[in-house]
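A look at the structure
Each chain is listed here by its residues.
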Amino acid sequence: METTLSPSAQLYSLSRTTWTAQLRALGAIIWREYLHFVRYPTWIIAFIIWPILFPATYIFSSFALAGPGGSGVARFLEVAGTENFLGYIVVGTTVWMWANTMLWNVGFALRGEQMRGTLESNWMTPTNRFFFLLGSGPVHAASTLMFFLFTVVEFRLFFHLTFDANLLSLLAVFLAALPALYGLGFTFASLVITAREANTFVFLVRGIVMIFCGITYPLTVMPQWMQAVAEWLPPTLIIRAARLAALNHAPLEAISRDLLLLLAYGAFWLALGYLTFSQIERRARLEGALNQC
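Rules of the game
- Residues numbered from 1 in each chain as written.
- Predicted model: local features only at pLDDT ≥ 70, side-chain atom pairs only at ≥ 80, totals over all residues.
- Heavy atoms only, no water.
- Helix = DSSP H or I, 4+ residues; strand = E, 2+ residues; numbered from the N terminus.
- Buried < 20%, exposed > 50% of the residue type's maximum accessible area, 1.4 Å probe, protein only.
- Contact = heavy atoms within 4.5 Å.
- Areas by Shrake-Rupley, 256 points an atom, 1.4 Å probe, with all protein chains shown as cover.
- Axes fitted to C-alpha atoms, helices over the stretch in contact; angles between N-to-C directions.
- Parallel < 35°, antiparallel > 145°, perpendicular 65-115°, else oblique.
- Left-handed = near helix turned anticlockwise from the far one by under 90°.
- Nonpolar A, V, L, I, M, F, W, Y, C, P; charged D, E, K, R; others polar.
- Polar contact = N/O pair within 3.5 Å; in protein donor to acceptor, adjacent residues only side chain to side chain.
- Phe/Tyr/Trp six-rings, centres within 6.5 Å; stacked < 30°, edge-to-face > 60°.
- Lys NZ or Arg CZ within 6 Å of the ring centre and 35° of its normal.

With that settled, consider the overall build of the protein chain. A tally of helices and strands in the protein chain yields 14 helices and zero strands. Along its sequence from the N terminus, the protein chain presents helices and strands in the succession α-α-α-α-α-α-α-α-α-α-α-α-α-α. For the protein chain, with 293 residues in total, the buried portion stands at 42%. A separation threshold of at least 6 residues defines the contact pool for the protein chain, and within that pool the share at least 24 residues apart is 80%. When the accessible surface of the protein chain is split by element, carbon and sulfur atoms take 69% of a total near 15,900 Å².

A separate point is the side chain of S143. Summarising the element assignment, S143 is placed in helix α9 (residues 137-158). The residues touching S143, leaving out its near neighbours within four places in the chain, are F37 and F47.

Moving on, we get to the packing of helix α3 (residues 43-65) against α9. For the pair α3 and α9, interaxial distance at closest approach is 9 Å and the crossing angle is 50°. As far as their axial angle goes, α9 and α3 are oblique. For the element pair α3 and α9, the recorded crossing hand is right-handed. Within the contact between the two elements, α3 uses I44, F47, I48, P51, I52, P55 and I59 and α9 uses S143, M146, F147, F150, T151, E154, F155 and F158. Within the contact of α3 with α9, the residues separate by chemical class into twelve nonpolar, two polar and one charged.

You can see N166 is positioned in the loop between α9 and α10 (167-195). In terms of polar contacts, N166 uses its side chain to reach the backbone amide nitrogen of L168, at 3.2 Å. Each residue touching N166, except ones within four places of it in the same chain, is listed here: A245, H249, A250 and P251.

For the pair helix α2 (residues 19-39) and α9, the least separation of the axes is 8 Å and the interaxial angle reads 40°. Judged on the interaxial angle alone, α9 and α2 are oblique. Seen from α2, the contacting residues are I30, E33, Y34 and F37; seen from α9, they are P138, V139 and S143.

Let us look at the environment of V205. Within the secondary structure layout, V205 lies in helix α11 (residues 199-212). Judged by its relative accessible area of 22%, V205 is partly exposed. Filtering out sequence-adjacent residues up to four positions away, V205 remains in contact with L103 and F188.

Further remarks concern the packing of aromatic side chains. The final tally for this structure, using the stated rule, is 13 aromatic pairs. With a centroid separation of 5.8 Å and 75° between ring planes, the pair formed by W98 and F148 is classed as edge-to-face. Of the two residues, W98 sits in helix α5 (residues 85-107) while F148 sits in helix α9, which places them 50 residues apart along the sequence. F148 sits in the partly exposed class, given a relative accessible area of 24%. Look at F155 and F159: their rings are 5.4 Å apart centre to centre, the planes differ by 25°, and that puts the pair in the stacked class. Take F155: its relative accessible area is 0%, and that puts it in the buried class. Ring-pair connections join several aromatic residues into one group, and the members of that group are W98, F147, F148 and F174. Sitting over the ring of Y40, R39 keeps its end group 5.6 Å from the ring centre. Across the ring face of Y88, the terminal group of R243 is positioned such that the distance to the ring centre comes to 3.6 Å.

Encoded structure:
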């Protein structure tokens, strides 16, 4: 005997989703991001050029400031704790470029949907809204590893730079940094929904990181109030822990405090990013502003 569902029951059946369906949707989003990535292979040029081009200005300046015969290296050792000023600069600038790329990729994921005119139609599906941001994560993580690999190879070839790295500690820093950086990216993505253009916010964060987080110089050379501000910024902890792990072969115990603080910051920024995203997305749907470019 065939049973016919009432209109309300049919609507409930269509809108009800399972975790299996949600995971399939997340997989489809990840695959789409992968296709977008490989569709424009010229991005590989940026991965090759920027790891060596951006730090070059600071590196050649450091050679000049070190003086004849590297006489200034001893002073750098006193304030930085290492005489490997080349590696010091490379680690700082690499972390900065990683954080910068993270903010652009995650923060502007929804902006790309708006520009293509697909955001509103995707929002009408029963897929978890947050998955549209999470879907860029695996592809970005793979591209980040590729970026790190190019950085190490290029500086090994052109500057004969060697690292005394603790790979386990470096992996721990990478994993502990992800929640904080993704949380910041989710917050930026929320702003893009309503502000349309969030370039100003990204440039502001980039500038703050460059000034306060010591990507090319030790924090101890800054005034006390700037050092206090720097301690509250996640990139400061990432750079400091990454330098210890990459240059001084620091074990996990030596960077455990920074790792714990990174995880705490990550929990805060993920919660803030999720709440901000949920509230702004709901308001944008009510105002019909999702697909406005």
